[in-house]
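What follows is the residue order along each chain.
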Number of protein chains: 2
Amino acid sequence: MGIKEIVNSTKIYWLTSDGPERDVVVSSRVRIARNLADIPFPGVMSDADAESIFHAVKLAVAKRNDIEFTWLRELSDAEREILMEKHLISPDLLENHEKKAVMLSEDETISIMLNEEDHLRIQSLLPGLQLERAWNLVNELDDLLEETLGYAFCEQLGYLTSCPTNVGTGLRASAMLHLPALNIINQINSIMSTVSKLRLAVRGLYGEGSEAKGNLYQVSNQITLGHTEEEILKNLNSVIKQIIDKERKARKALYEEQRYYLEDRVFRAYGTLKYARLLTSNESMNLISDVKLGANLKIIDVDPNVLNELMIITRPSYLTKYAGKKLDSHKRDILRAELVRSKLKNLN
Amino acid sequence: MGIKEIVNSTKIYWLTSDGPERDVVVSSRVRIARNLADIPFPGVMSDADAESIFHAVKLAVAKRNDIEFTWLRELSDAEREILMEKHLISPDLLENHEKKAVMLSEDETISIMLNEEDHLRIQSLLPGLQLERAWNLVNELDDLLEETLGYAFCEQLGYLTSCPTNVGTGLRASAMLHLPALNIINQINSIMSTVSKLRLAVRGLYGEGSEAKGNLYQVSNQITLGHTEEEILKNLNSVIKQIIDKERKARKALYEEQRYYLEDRVFRAYGTLKYARLLTSNESMNLISDVKLGANLKIIDVDPNVLNELMIITRPSYLTKYAGKKLDSHKRDILRAELVRSKLKNLN
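Residues numbered from 1 in each chain as written. Chains lettered and ligands numbered in written order. Predicted model: local features only at pLDDT ≥ 70, side-chain atom pairs only at ≥ 80, totals over all residues. Heavy atoms only, no water.

The next subject is the side chain of Glu229(A). Looking at the secondary structure, you find Glu229(A) in helix 8 (residues 229-257). For the buried Glu229(A), no salt bridge is present, and the opposite-charge side chain at shortest range is Arg34(A), 4.7 Å distant. (Helix = DSSP H or I, 4+ residues; strand = E, 2+ residues; numbered from the N terminus. Buried < 20%, exposed > 50% of the residue type's maximum accessible area, 1.4 Å probe, protein only. Lys, Arg positive; Asp, Glu negative; His and termini not counted. Salt bridge = Lys/Arg side-chain N within 4 Å of Asp/Glu carboxyl O.)

Set out below in structure tokens:
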């Protein structure tokens with residue numbers, strides 16, 4: 001699948017495919033930061049420096065014919081935003097995109113961002129809890145690149161990066177968790193504060209500084225230095241397994257102890273999605289979250305893939321793309337409600 | 001239709017039949033208070049006094065074979081409450097009902113309450129704005145009764161009543177108005193305060209002291225003395241016509257200026273009624289009110305009779321009757337939502 005098709009499709013590999021622990025874990029992401037030794041960091045690089053990065057990386061990746069190179073300036077603003085909302089590129093790649101590019105594997109599992117904060121950001125994004133597999137995909141590609149690229153590396157510190165928080169392994173691993181029940185029973189804050197004390201970071205859907213919408217939380221490692229990649233992943237994985245366990249127990253308890261309250265909440269959310277004429281982005285995320293929880297507990301029979309697709313088509317960038325022009329927020333709310341209704345119309 | 005059938009039916013003549021100005025005026029009610037000259041008022045009467053009232057009134061009404069006499073103690077608590085919620089008897093008749101009785105016409109348009117606050121309360125309740133016709137029905141029956149009963153009457157004051165606020169004509173006329181648009185645009189309070197200054201009373205659905213639920217307001221005369229019945233009715237009618245006009249203008253303006261907001265509100269209400277698993281009495285009244293407004297503006301296609309029936313079957317007394325036993329409020333909320341869903345299931 002070429003990048004244009006990826007942009008045009010409302011199917012998203014990591015969101016609409018199956019994976020382990022999929023009832024709680026939406027996706028797993030691993031990315032590493034790498035820089036070439038002899039070229040200044042992107043923040044201070046010249047146009048010629050950027051060109052040499054493109055050239056060197058293209059050559060190094062050439063053995064992998066499933067990875068396509070794309071200049072970001074070849075894409076429209078709307079298309080870039082869609083890639084961002086699909087989490088295939090970072091928000092950073094939207095800014096000053098003239099010196100930046102992305103390489104995307106055909107199956108959408110691997111992306112290499114060029115000249116983001118670092119020369120290379122190699123990312124793998126998979127459905128469900130698959131941190132180890134994501135790491136292996138990234139690691140293999142890293143090994144391939146290292147054969148020909150001269151990475152900036154220091155025996156004492158490890159890989160050197162533009163921002164000191166990435167120095168060492170250059171590794172950031174995260175999982176996106178859907179935690180509606182912990183939110184309903186008001187345990188989410190205490191759990192997340194415990195998670196923070198374990199030197200893990202908790203964030204909303206779109207990374208740093210973004211709010212947790214639709215009960216989606218990203219948990220990631222903060223430490224990149226002084227531990228091996230395997231240790232970092234093992235620690236993160238074990239904390240996530242504990243959160244999964246807590247969320248499942250909360251769902252079960254809610255269902256057993258407050259069944260009518262829960263059924264009411266789930267079906268009201270469904271009724272509102274099915275009938276509303278105005279839907280804000282936040283409200284629709286929260287309603288979809290409630291219906292997802294219901295589908296999960298078999299309270300309501302809605303195809304999870306339809307719900308996942310709703311999460312995408314209700315995003316502002318998709319609405320802009322669908323309308324073919326920028327819409328004000330009122331018009332977006334109308335169109336969002338219209339699209340949601342039409343998706344749900346043909347169900348049961 | 002006998003009183004037992006009236007109790008058992010969810011059809012209510014004044015609520016489910018058509019009438020003038022039915023888009024705003026749900027019903028019109030006229031009642032007069034009368035007392036027999038030689039018997040103490042109900043508050044201080046003996047059992048024998050009560051018996052003589054029953055006897056005298058029965059005899060006087062005998063020429064009308066469409067009016068059935070019922071001892072309130074023959075009915076169960078639940079049945080009496082249903083008559084009250086159908087507005088065929090007053091809340092007062094539920095208390096100390098041993099000395100009280102009711103006579104109900106077959107078509108449900110006329111009821112005579114015996115030994116409520118006064119010996120006789122003759123009431124007519126009709127769909128839409130029909131104060132004059134209601135008055136005529138009451139007046140004719142009053143004339144018939146006056147042929148044989150010796151009413152307590154004073155040349156100077158008029159008819160004497162247990163409470164001084166009824167002395168004179170003994171007349172209380174009211175209309176129940178559905179005013180959702182005036183409520184949405186926040187004009188309801190200023191209009192109702194103007195109405196009060198015109199010496200009319202504004203009340204909720206169940207008379208004095210009751211809250212306005214589901215945007216239903218009762219407007220009635222306060223003055224019974226110093227004006228003829230015709231003057232009282234003419235004044236009330238003219239104020240009601242002005243309120244109708246304001247409500248219709250508000251609906252039109254809302255539809256023209258805030259169409260999406262209004263459609264959203266109406267369809268969300270419908271979606272919630274259709275899917276909720278828990279519904280309180282207040283919430284269901286308000287949701288039904290929103291859908292009624294929508295049906296009225298042709299935003300949504302729902303049979304008004306179904307909505308009117310919903311207003312009845314969601315009342316606590318109906319739920320108790322349906323369940324065959326007293327339910328706690330949580331169980332009532334479950335049953336209410338269940339009944340509403342089953343009524344709306346077969347629509348479109």
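We now examine helix 7 (residues 188-197) of chain A. All names here are of chain A. Residues of helix 7 that are buried: Ile188, Ile191, Met192 and Val195. Looking straight down helix 7, one finds its buried side chains confined to an arc of 95°; they lie on one side. Every exposed residue of helix 7 that faces more than 90 degrees away from the buried side is listed here: Asn189 and Lys197. Looking at the buried residues of helix 7, the elements they touch are helix 6 (180-184), strand 9 (200-203), strand 10 (216-221) and helix 8. (Arc of directions from axis to C-beta. Contact = heavy atoms within 4.5 Å.)

Attention shifts here to the confidence of the model for chain A. Detailed reading of the predicted coordinates is not advisable wherever pLDDT falls low. Residues and elements named next belong to chain A. This prediction gives chain A a mean pLDDT of 90; 97% of its residues lie at or above 70. When the elements of chain A are averaged for pLDDT, helix 1 (residues 3-8) gives the smallest value, 74, and helix 9 (residues 259-275) the largest, 97. Scoring the predicted complex yields pTM 0.86 and, for the interface, ipTM 0.84. (pLDDT = per-residue confidence, 0-100.)

With an RMSD of 0.1 Å, the operation that places chain A on chain B is a rotation of 180° combined with a shift of 0.0 Å along the axis. Seen this way, the second copy is the image of the first under a two-fold rotation axis. Scanning chain A for the C-alpha nearest the rotation axis identifies Gly271(A), at a separation of 2.2 Å. Of all interface residues in chain A, 100% are interface residues in chain B too; the two copies therefore contact each other through one and the same surface. (Least-squares fit on C-alpha atoms with pLDDT ≥ 70 in both.)

The next thing to look at is the pattern of salt bridges. Residues and elements named next belong to chain A. Summed over the entire model, instances satisfying the criterion amount to 44 salt bridges over all chains. Linking Lys241 and Glu21 is a salt bridge whose minimum nitrogen-to-oxygen distance equals 4.0 Å. Of this pair, Lys241 sits in helix 8 while Glu21 sits in the loop between helix 2 (13-16) and strand 1 (25-34), placing them 220 residues apart in sequence. Residue Lys241 is classed as partly exposed on the basis of its relative accessible area of 41%. With relative accessibility at 25%, the residue Glu21 sits in the partly exposed group. Note that Glu116 is salt-bridged to Arg121, the shortest N-O span being 3.1 Å. The buried category is assigned to Glu116, whose relative accessible area is 7%. Where salt bridges share partners, they join Glu21, Asp23, Lys241 and Arg248 into one cluster.

Looking now at the domain arrangement of chain A. Where interface size is given, it is often the accessible area lost as the parts come together that is meant. All names here are of chain A. The domain architecture assigned to chain A consists of domain 1 (3-252) and domain 2 (258-345). Centre-to-centre, using C-alpha coordinates, domain 1 lies 27 Å away from domain 2. Contact residues are listed per partner, giving 25 residues for domain 1 and 22 residues for domain 2. Buried area between domain 1 and domain 2, both sides added, is near 2,200 Å², and the carbon and sulfur share of it is 59%. (Domains from an automatic or database assignment. Buried area = accessible area lost by both parts, 1.4 Å probe.)

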